Amino acid sequence: MGAEQIIFFFLAAFTVVMASLVVFSKNPVHSVLFLILTMFGIAGHYLSLNAQFLAVVHIIVYAGAIMVLFLFVIMLLNLNKESEPRKTLWWQLGAVIGGGSLMLTLIASFQSTIKLPIAHEIDSNIGLVKPLGKVLFTEYVVPFEISSVLFLAALVGAVLIGQRKQEEPNHS
Amino acid sequence: MDFIIEKSVLIVSVFGITLVMAMYSTWLERKFAAFLQDRLGPNRAGIFGLLQPFADAGKMFFKEEFIPNHSEKFLFIAGPGIAMFTACMTSAVIPWGPDFEAFGRTISLQISDINIGILYIMGFLSLGVYGIMIGGWASNNKYSLFSAIRASSQMISYELAMGIIIITIVMMTGSLSLRNIVQEQSGALYNITALKGLNWNIFYQPLAFIIFMTCALAECNRAPFDLAECETELIGGYHTEYSSMKLGFYLFAEYINMFISSTVIATIFFGGYNFPGMQLIENSALLTVMCVAVLFLKIIFFIMLFMWIRWTLPRFRYDQLMHLGWKSLIPLAIINMLITGAVILAT
């Protein structure tokens, strides 16, 4: 087992453990913090694939911005055990069976399609800034621009929802 | 093996220098404040009060350690650690000086020249908020929580303008590596040969520098943007519940951040270790020493600028802070970026 594989298994185990802790934590703030660590695990995978740019952007965007907003909202909501909606045992059992069958179906349907290309056929420099930028601005320029328009639309929507209504009395 | 020894020495010395600079920034801050307010400042511990930082550190270490009962214990302890860690990590990609020959090999004064250096710094800057947020939340104190939330929204808002400025600089240089950004600035300013070594970005992007400086102040939670530790509204801010060296870590992390911010400003706008007349020095070792000295002079200048601003301007109101960030700095930064793009396209 080479060093690369050891690093991969370590990172994979780390990511999976942290991701499951996100689900199993009782406290939502802890969940978010574990989610941040999961993000770091994924960024580590990017690094081991020689995609430094993706790794750093992943950290900046997800861990540095989106997760801060998550944490922000959850801290403000002050969720705790008392305010958590409790489901009855039957509901929980039904959810477990439903989720389990979904997983089984997904595994069964994807099992035949998993024939990944061998890793070293791909140019290992594809994740560096230069090749990535070239591909993004030549081959994939239309999807790239469309996704930015999508973000803009989401932004406008968020502003619209967040806007105070004109006739609403100002309490401040 | 040589490589590991070389890098270890470099890492330890950069770490040591960072801590010493941060320690003496506290001394300088007090002396500077005293100067501006026409008083003496610390003058009992050692000559000119130079031993004051050691006295402070000793006091911090031996004070009673207090952890509130209702706090989230692990996160309460982790908070200052995270703040300190993220503050110290940024120095890894700064080029402290040019390469030089010694012991028969080329030695680089940069811990790691990763090709995305400037994004690495942005990444750790954006993580810096977690120390404050986690500490503020784990204290289980509403003032700490308010402060943590203020700090995080402030930092996210100002990171945007900062990121756009960095894009502008990257557009001019064509590289994300800090080393390339510094080397780019070693040429002749406006192609005048007499101004060689003065090809600094500040002469091309003065507006970008002002925006970046403002954002750096906000990112460091320094006055006039220290809304997170606004005593009149929030007691002590996010570190209200902290005592002993944990409080010390928070305060110290702020000074390390200030040092790193000054370094980044000096590196990307003021030519890093470049100075006019550096091509006249033939001796490689002397050149390296002078380059490092020049870089540190620039850094100290910016640290003093930070302090000067702190002791001159009163604190902003929170809505003013947000208006400044979102309605002035970000549009200005975008216009600046568009103009830069147009100029690059035209030339």
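Residue indices begin from 1 for each chain and proceed along its sequence in written order. For this description, chains carry letters from A and ligands carry numbers from 1, given in the order in which they are written. Reporting of local features is limited, given that this is a predicted model, to residues whose pLDDT is at least 70; pairs of side-chain atoms are given and counted only at 80 or more, and all residues count toward the totals for whole chains, interfaces and linings. Excluded from the side-chain calculations are hydrogens and water; all other atoms, namely the structure's heavy atoms, are used.

1. Considering unusual backbone geometry
Most peptide bonds are trans, and most residues other than glycine sit at a negative phi. All names here are of chain B. The cut-off we apply is this: Think of it this way: any DSSP run of H or I at least four residues long counts as a helix, any run of E at least two long counts as a strand, and we number them from the N terminus. Relative accessibility decides the category of a residue: with a 1.4 Å probe and only protein chains considered, values under 20% of the type maximum give buried, values over 50% give exposed, and everything between is partly exposed.
Even without being glycine, D38 reaches a positive phi, approximately 60 degrees. By the secondary structure assignment, D38 is in the loop between α1 (2-36) and α2 (52-62). A relative accessible area of 71% means that D38 is categorised as exposed. Phi at S244 takes a positive value of approximately 60 degrees, unusual for a residue other than glycine. Structurally, the position occupied by S244 is in helix α9 (residues 244-269).

2. Side note on the layout of surface pockets
Basically, it comes down to this: Only protein atoms enter the 1 Å grid used here. Points where a 1.4 Å probe fits but cannot escape make up a cavity, open sets with protein on both sides within 12 Å along at least five of seven lines make up a pocket, and a residue lines them when an atom lies within 4 Å of a point. Grid points are joined across faces, edges and corners, and a volume is the space filled by probe spheres set on the points. Only Asp, Glu, Lys and Arg are considered charged, only Ala, Val, Leu, Ile, Met, Phe, Trp, Tyr, Cys and Pro nonpolar, and every remaining residue, Gly among them, polar. Residue ranges labeled as domains rest on an automatic or database domain assignment.
As a volume, the largest pocket reaches approximately 2,900 Å³. Taken together, 50 residues make up the lining of the largest pocket; nearest its centre are V57(A), I60(A), V61(A), L160(B) and I167(B). Among the secondary structure elements, those contributing two or more residues to the lining of the largest pocket are α3 (52-77), α5 (129-138) and α6 (141-162) of chain A together with α4 (117-138), α5 (142-173) and α11 (318-346) of chain B. Its residues assigned to classes, the lining of the largest pocket shows 36 nonpolar, 12 polar and 2 charged. Looking at the lining of the largest pocket, you find at least three residues from each of domain 1 (1-79) and domain 2 (124-162) of chain A.

3. A closer look at α1(B)
Convention followed: Here a helix's expected span is defined as the number of its residues, less one, multiplied by 1.5 Å.
Taking 1.5 Å per residue as the helical rise, α1(B) with its 35 residues ought to reach 51 Å, and the 49 Å between its terminal C-alpha atoms agrees with that figure. Phi turns positive, to about 60 degrees, at D38(B), one or two residues after α1(B).

4. A short note on the environment of G174(B)
Residue and element names in this part refer to chain B. If you trace the backbone, G174 turns up in the loop between α5 and α6 (178-184). Owing to a relative accessible area of 61%, G174 belongs among the exposed residues under this scheme. With 142 residues separating them along the chain, G174 and F316 place their C-alpha atoms 36 Å apart.

5. As for the interface of chain B and chain A
Just so we agree on the cut-off: The contact criterion used is simple: two residues touch if any of their non-hydrogen atoms lie within 4.5 Å. Joining two parts hides part of their accessible area as seen by a 1.4 Å probe, and the buried area is that hidden amount summed over both. Whenever a carboxyl oxygen of Asp or Glu lies within 4 Å of a side-chain nitrogen of Lys or Arg, that contact is scored as a salt bridge. Identification of polar contacts relies on pairs of N or O atoms within 3.5 Å, with a donor-acceptor requirement for protein atoms, meaning one able to donate a hydrogen and the other able to accept it, and with residues adjacent in sequence counted only if both atoms are side-chain atoms.
On the side of chain A, 24 residues touch chain B, which itself brings 22 residues to the contact. Summing the contributions of chain B and of chain A, the shared interface buries around 1,900 Å²; its carbon and sulfur component is 81%. Where chain B packs against chain A, one counts 0 salt bridges. For the interface between chain B and chain A, the tally reads 3 residue pairs in polar contact (both at pLDDT 80 or more). Only α4 and α5 of chain B provide two or more residues apiece to the side of chain B that touches chain A. Per-element tally for the side of chain B that touches chain A: the top contributor is α4(B), with 11 residues.

6. Examining the environment of Y204(B)
Residue and element names in this part refer to chain B. If you trace the backbone, Y204 turns up in the loop between α6 and α7 (206-219). For the pair Y204 and I235, spaced 31 residues apart in sequence, the C-alpha separation works out to 43 Å. The residues touching Y204, leaving out its near neighbours within four places in the chain, are M172, L189, Y190 and N199.

7. A short note on the environment of F15(B)
Residues and elements named next belong to chain B. Looking at the element boundaries, F15 is found in helix α1. Residue F15 is classed as partly exposed on the basis of its relative accessible area of 43%. Sequence separation between F15 and G123 is 108 residues; the distance between their C-alpha atoms is 19 Å.

8. Looking at the nonpolar core
Put simply, the test is: The criterion is simple. A nonpolar core is a set of buried Ala, Val, Leu, Ile, Met, Phe, Trp, Tyr and Cys residues joined through side-chain atoms within 4.5 Å.
The biggest cluster of nonpolar side chains holds 128 residues, and the ones touching the most others in it are W96(B), F212(B), I265(B), F269(B) and I299(B). Non-local contacts of W96(B), meaning those with residues more than four positions away in its chain, are made with V14(B), S91(B), L109(B), F259(B), T263(B), Y273(B), V292(B), L295(B), F296(B) and I299(B).

9. Here's the deal with the packing of aromatic side chains
Residues and elements named next belong to chain B. Quick reminder of the rule: When the centres of two rings from Phe, Tyr and Trp lie within 6.5 Å, Trp using its six-membered ring, the rings pair. Their planes under 30 degrees apart give stacked, over 60 give edge-to-face, and anything left gives tilted.
According to the stated counting rule, one finds 23 aromatic pairs over all chains in the structure shown. When the ring of F209 is compared with that of F269, the centres are 5.7 Å apart and the planes differ by 70 degrees; the resulting orientation is edge-to-face. One end of the pair, F209, is in helix α7; the other, F269, is in helix α9, and 60 residues separate them in sequence. Residue classification places F209 among the buried residues on the basis of a relative accessible area of 13%.

10. Topic: empty space enclosed by the protein
If you roll a probe as big as a water molecule over the atoms, it shows you where there is empty space left. All names here are of chain B. In the structure shown here, the tally under the stated rule is 2 cavities of 30 Å³ or more. The space that makes up the largest cavity amounts to roughly 220 Å³. Taken together, 18 residues line the largest cavity, and the ones lying closest to its centre are G128, I132, M155, E219 and N257. Looking at the lining of the largest cavity, the elements that each hand over two or more residues are α3 (73-89), α4 and α9. For the lining of the largest cavity, the per-class residue count stands at 11 nonpolar, 5 polar and 2 charged. If you add up the space inside the second largest cavity, you get close to 70 Å³. I121, L125, M162, I166, F212, A216, N257, I260, S261 and V264 are the residues that line the second largest cavity.

11. Regarding the confidence of the model for chain A
For the record, the criterion: Each residue carries a pLDDT score, the predictor's own confidence in it, on a scale running from 0 to 100.
For chain A, per-residue confidence averages 82 on the pLDDT scale, and 82% of positions sit at 70 or higher. Of all the helices and strands in chain A, α5(A) carries the lowest mean pLDDT, 82, while α6(A) carries the highest, 90.

12. Section: the packing of α5(B) against α11(B)
Describing two packed helices takes the angle between their axes plus the distance from one axis to the other. All names here are of chain B. Note the cut-off: Here an angle of 0 to 180 degrees is reported between the N-to-C directions of two axes, which are lines fitted to C-alpha atoms, with helices fitted over the stretch in contact. These descriptions rest on fixed angle ranges, namely under 35 degrees for roughly parallel, over 145 for roughly antiparallel, 65 to 115 for roughly perpendicular, and the rest for oblique.
Contact geometry for α5 and α11: axes closest at 9 Å, N-to-C directions at 10 degrees. Here α5 is positioned roughly parallel relative to α11, judged by the angle of their axes. Of the residues that constitute the contact of α5 with α11, the class distribution is 19 nonpolar, 8 polar and 1 charged.

13. With respect to the pattern of salt bridges
All names here are of chain B. Under the definition given, this model contains 4 salt bridges over all chains. Note that D56 is salt-bridged to R30, the shortest N-O span being 2.7 Å. Within this pair, whereas D56 is found in helix α2, its partner R30 is found in helix α1, the two being separated by 26 residues in sequence. Exposure remark for D56: the relative accessible area of 21% places this residue in the partly exposed category. Among the salt bridges present, the one from R317 reaches D319, with a minimum N-O distance of 3.0 Å. Looking at D319, the relative accessible area reads 37%, which means it is partly exposed.

14. Quick notes on the state of the cysteines
Here is the rule we go by: Throughout, disulfides are identified as pairs of cysteine sulfur atoms within 2.5 Å of each other.
Evaluation of the coordinates by the stated rule reveals 0 disulfides over all chains. C88(B) takes part in no disulfide bond, and the closest cysteine sulfur, belonging to C220(B), lies 14 Å away.

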